[in-house]
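Below are the chains, spelled out letter by letter.
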2 protein chains.
Amino acid sequence: MFILVCYDVETLTKEGKRRLRKVAKLCESYGQRVQHSIFECKMDKALYLTFENKILSIINIKTDSLRIYILDEDSIRKIKNFGIANIIDYEEPLIL
Amino acid sequence: MFILVCYDVETLTKEGKRRLRKVAKLCESYGQRVQHSIFECKMDKALYLTFENKILSIINIKTDSLRIYILDEDSIRKIKNFGIANIIDYEEPLIL
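Keep in mind it's a predicted model, so treat the numbers as computed, not measured. (Residues numbered from 1 in each chain as written. Chains lettered and ligands numbered in written order. Predicted model: local features only at pLDDT ≥ 70, side-chain atom pairs only at ≥ 80, totals over all residues. Heavy atoms only, no water.)

Enquirer: I'd like a description of the overall build of chain A, backed by residues and values.
Expert: Within chain A one finds three helices and five strands. Counting helices and strands in the order they occur from the N terminus, chain A gives β-α-β-β-α-β-α-β. A burial count over chain A gives 51% of its 96 residues as buried. In chain A, the share of contacts with a sequence separation of at least 24, taken over all contacts with a separation of at least 6, comes to 68%. On chain A, roughly 5,000 Å² of surface is accessible, and the fraction owed to carbon and sulfur atoms is 54%. (Helix = DSSP H or I, 4+ residues; strand = E, 2+ residues; numbered from the N terminus. Buried < 20%, exposed > 50% of the residue type's maximum accessible area, 1.4 Å probe, protein only. Contact = heavy atoms within 4.5 Å. Areas by Shrake-Rupley, 256 points an atom, 1.4 Å probe, with all protein chains shown as cover.)

This is how it looks when you write it as structure tokens:
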């Protein structure tokens, strides 16, 4: 499975900032960061279920958003990237 | 075509902040915002090419990142959403 993990975590509170760090750290251990809050991950169904359980145990569904896309071979081939890729210092805060 | 548009725009400069607003405004006119910097858009090939030209004329490829995914019916059916959806006040700055 090729998974695209996209999240918006509320960061107005200390707890939110902590969740954001935890979500990012978890995703880093499962895949490749392609943008500030987007990861591409390859995993089998069993690993995906573990990952989903873990990420759902971190986010706050009342304040955060998590959107997961499962891409097939055709969609993977058609991914288009423009501009910089994977060279952002993601440790620095970025105001969007 | 079902397009997922994901962007990271540098916002440390005034020009970057302006680009971010322009990119968001453009995407709003083509599709549905699902997260802070992610839009889902339905369009035909011709409209997509117009959109791609427009967004590429706004972003700075030396500092910004734009990633576009083209999803098929199967991937669309499998989209998973957890937590809040489409209820964020996107006009407010969000520190990620």
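The discussion continues.
Enquirer: Describe the relation of the copies chain A and chain B, and please don't skip the residues or the numbers.
Expert: Rotating chain A by 180° and translating it 0.0 Å along the rotation axis places it on chain B, where the RMSD comes to 0.0 Å. Such a combination of rotation and displacement between the chain copies is what one expects of a two-fold axis. (Least-squares fit on C-alpha atoms with pLDDT ≥ 70 in both.)

Enquirer: I'd like a description of the pattern of salt bridges, backed by residues and values.
Expert: Where side chains of opposite charge bring their charged atoms close, a pairing between them can arise. In the structure shown here, the tally under the stated rule is 14 salt bridges over all chains. In this structure, the salt-bridge partner of A:Lys80 is B:Glu52, at a minimum N-O distance of 3.0 Å. Here A:Lys80, found in strand S5 (residues 80–83), pairs with B:Glu52, found in helix H2 (residues 45–58), and the two come from separate chains. The exposure class assigned to A:Lys80 is partly exposed, which follows from its relative accessible area of 27%. Residue class for B:Glu52 comes out buried when judged on its relative accessible area of 12%. For the salt bridge of B:Asp74 with B:Lys78, the shortest nitrogen-to-oxygen distance reads 2.8 Å. Judged by its relative accessible area of 37%, B:Lys78 is partly exposed. Among the ionic contacts, a cluster of salt bridges with common partners joins A:Glu10, A:Arg19 and A:Asp64. (Salt bridge = Lys/Arg side-chain N within 4 Å of Asp/Glu carboxyl O.)

Enquirer: If you had to explain the sheet that holds strand S2 (residues 32–35) of chain A to someone new, which residues and values would you point to?
Expert: Sheet strands pair via backbone hydrogen bonds, and the direction of the pair is either parallel or antiparallel. Pairing is antiparallel across the open sheet formed by five strands, whose spatial order is S2(A)-S3(A)-S1(A)-S4(A)-S5(B). Each having just a single partner strand, S2 of chain A together with strand S5 (80–83) of chain B make up the two edges of the open sheet. Between one strand and the next, the sheet's axes are offset by a mean angle of 20°, whatever the strand orientation. Two elements, strand S1 (residues 2–8) of chain A and strand S3 (residues 38–42) of chain A, share five bridges in a ladder whose sense is antiparallel. (Pairing = 2+ DSSP bridges. Axes fitted to C-alpha atoms, helices over the stretch in contact; angles between N-to-C directions.)

Enquirer: Account for a positive patch on the surface, with residues named and values stated.
Expert: Together, A:Lys14, A:Lys17, A:Arg18, A:Arg21 and A:Lys22 make up a positively charged patch on the protein surface. In this structure, A:Lys17 sits in helix H1 (residues 14–28). (Patch = residues over 30% accessible without salt bridge, like charges linked within 9 Å, V, L, I, M, F, W, Y side chains within 5 Å. Lys, Arg positive; Asp, Glu negative; His and termini not counted. Charge placed at Lys NZ, Arg CZ, Asp CG, Glu CD.)

Enquirer: Give me the pairing of S2(A): which residues, what numbers.
Expert: Two faces, one strand: in a regular strand the side chains alternate between the faces of the sheet. Residue and element names in this part refer to chain A. Here S2 pairs with S3 via three bridges, running antiparallel. Across the sheet, Gln-32 pairs through a bridge with Glu-40, a residue of S3. The loop that links S2 with its antiparallel partner S3 comprises two residues.

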